[in-house]
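If you want the building blocks of each chain, they are given just below.
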Amino acid sequence: MQNVLLFEVHQNIAVLEINRPPYNPLNPEVIKAMSGYLDEIYRNDEIRALVIKGSGEKAFSAGADIQQFVPKLGSRDLSMTAAFHQTFEKLSQLPIPVVSALKGHVLGGGLELALSCDFRICDENTKLGLPEVNLGIFPGAGGTQRLPRLVGSSKAMEIMMFGDSIGADEALQAGLVNRVVSAGESDGEAVRWAEALAVKPKAAIAKIKKAVVHGQNLPLAEGIRYEIELFSDVFKNDDAKEGVQAFIEKRKPSFAGR
């Protein structure tokens, strides 16, 4: 039987690959497997970055498997939606950088998955969108909350209410993606980003992510206090001592992840 989600660790970089080509639709089996692998990553202190990508050339993920919705229509069974939310939230809370490699179709739940990552690298042919409104529903796996935080409420509502896809250049201009690369290059670029991030001081990276993810929901004064608290914690680490000493000695720092 085909593994719907592939998981590998290369040195200190983990790679999750949605393996349901050509369009890599998301279903409960994929989400359950993803949740389990994320638990493994949480437990493995050696993993310093995560890349998420899709198999084949046509899509990162074209969204949730619509066939899964049919038995739920007319009911208030939210079990599938809850599983998506729980897993995407677990992903967003990972204390390591998460880079998504986007190509082809990145739609619906596929885009909501990408929105749960820290960085989005897409190739020039990528089409991104939240077309759920065209099915009489709306994004239900975090899209209505995460997209406005990236692109602003007006642009987010435009994308969700019209339900049309946007191209890579428009996504970059809106702040939805971090970088656009040539066709077929997004997987490799995402790995390069992960490699560059993996050698940064682990505690500082984790605190930056925590300060941003949690702090954006706080009033500014509370966010500043939270930042001070996190800075105090990281300032005690060996990597902070190494980084400062290396700067003074005009040499490249060697961070040990402590």
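Before any of the text, the structure's been laid out above.
Residues numbered from 1 in each chain as written. Predicted model: local features only at pLDDT ≥ 70, side-chain atom pairs only at ≥ 80, totals over all residues. Heavy atoms only, no water.

Thoughts on the state of the cysteines
Part 1 of the argument: Going through the model one piece at a time under the given rule, you end up with zero disulfides.
Part 2 of the argument: With no disulfide of its own, Cys117 has Cys122 as its nearest cysteine by sulfur position, at a separation of 13 Å. (Disulfide = S-S within 2.5 Å.)

Section: the sheet that holds strand β6 (residues 105-107)
Part 1 of the argument: Spatial strand order, β4-β6-β8-β9: four strands in an open sheet with mixed pairing. A single partner strand is all that each edge strand has here, and the edge strands are β4 (59-61) and β9 (166-167). (Pairing = 2+ DSSP bridges. Helix = DSSP H or I, 4+ residues; strand = E, 2+ residues; numbered from the N terminus.)

So, the environment of Pro22
Part 1 of the argument: Here Pro22 lies in the loop between β2 (13-18) and α1 (28-43).
Part 2 of the argument: Relative accessible area serves as the criterion here: at 41%, Pro22 is assigned to the partly exposed category.
Part 3 of the argument: Once the C-alpha coordinates of Pro22 and Leu230 are considered, the two residues, 208 residues apart in sequence, prove to be 43 Å apart.
Part 4 of the argument: Look past the residues within four positions of Pro22 in its chain and what remains in contact with it is Ser55, Lys58 and Ala59. (Buried < 20%, exposed > 50% of the residue type's maximum accessible area, 1.4 Å probe, protein only. Contact = heavy atoms within 4.5 Å.)

Some points on unusual backbone geometry
Part 1 of the argument: A cis amide bond, omega 10°, links Pro21 with the succeeding residue Pro22.
Part 2 of the argument: The residue Asn24 is not glycine, and still its phi comes out positive at about 50°.
Part 3 of the argument: Inspection of the secondary structure assignment puts Asn24 in the loop between β2 and α1.
Part 4 of the argument: Since its relative accessible area comes to 0%, Asn24 is described here as buried.

Some points on the nonpolar core
Part 1 of the argument: Residues Leu50, Ile52, Leu91, Leu128, Leu147 and Leu176 are the most contacted members of the largest nonpolar core, which totals 44 residues.
Part 2 of the argument: Element by element, the count of residues in this core is highest for α1, at five residues.
Part 3 of the argument: Among residues more than four places away in sequence, those in contact with Leu91 are Leu38, Leu50, Ile52, Val98, Leu113, Ser116, Cys117 and Lys209.
Part 4 of the argument: Residues Ala49, Val181, Ala190 and Leu197 belong to the second largest nonpolar core, which totals 13 residues. (Core = buried A, V, L, I, M, F, W, Y, C linked by side-chain atoms within 4.5 Å.)

Side note on the environment of Glu46
Part 1 of the argument: With respect to the helices and strands, the residue Glu46 is situated in the loop between α1 and β3 (49-54).
Part 2 of the argument: Under the relative-accessibility criterion, Glu46 is labelled exposed at 58%.
Part 3 of the argument: Put simply, Glu46 and Leu78 are 32 residues apart on the chain and 36 Å apart in space, counted from C-alpha to C-alpha.

Points about a nonpolar patch on the surface
Part 1 of the argument: A surface patch of nonpolar side chains, about 260 Å² in accessible area, is lined by Ile66, Leu135 and Ile137.
Part 2 of the argument: With respect to the helices and strands, Ile66 occurs in the loop between β4 and α2 (79-92). (Patch = residues over 30% accessible without salt bridge, like charges linked within 9 Å, V, L, I, M, F, W, Y side chains within 5 Å. Areas by Shrake-Rupley, 256 points an atom, 1.4 Å probe, with all protein chains shown as cover. Salt bridge = Lys/Arg side-chain N within 4 Å of Asp/Glu carboxyl O.)

Examining the packing of helix α8 (residues 202-215) against helix α9 (residues 220-234)
Part 1 of the argument: Where α8 meets α9, the closest approach of the two axes is 10 Å, and the angle between their N-to-C directions is 170°. Between α8 and α9, the angle falls in the class roughly antiparallel. Taken together, the residues of α9 that come into contact with α8 (itself represented by Ala203, Ala204, Lys207, Lys210, Ala211, His214 and Gly215) are Tyr226, Leu230, Asp233 and Val234.
Part 2 of the argument: For the contact of α8 with α9, a count of residues per class yields six nonpolar, two polar and three charged. (Axes fitted to C-alpha atoms, helices over the stretch in contact; angles between N-to-C directions. Parallel < 35°, antiparallel > 145°, perpendicular 65-115°, else oblique. Nonpolar A, V, L, I, M, F, W, Y, C, P; charged D, E, K, R; others polar.)

Quick look at the sheet that holds strand β5 (residues 98-102)
Part 1 of the argument: If you trace the six strands from one edge of the open sheet to the other, you get β1-β2-β3-β5-β7-β10, paired in mixed fashion. Because the sheet does not close on itself, it has two edges, and the strands there are β1 (5-10) and β10 (179-181). Within this sheet the neighbouring strands show an average axis-to-axis angle of 20°, counted without direction.
Part 2 of the argument: Taken together, the four bridges between β5 and strand β7 (residues 119-123) define a ladder with parallel strand orientation. Across the sheet, Leu102 pairs through a bridge with Cys122, a residue of β7.
Part 3 of the argument: Here helix α7 (residues 186-198) sits on the sheet in contact with β2, β3, β5, β7 and β10, set at roughly 170° to β5.

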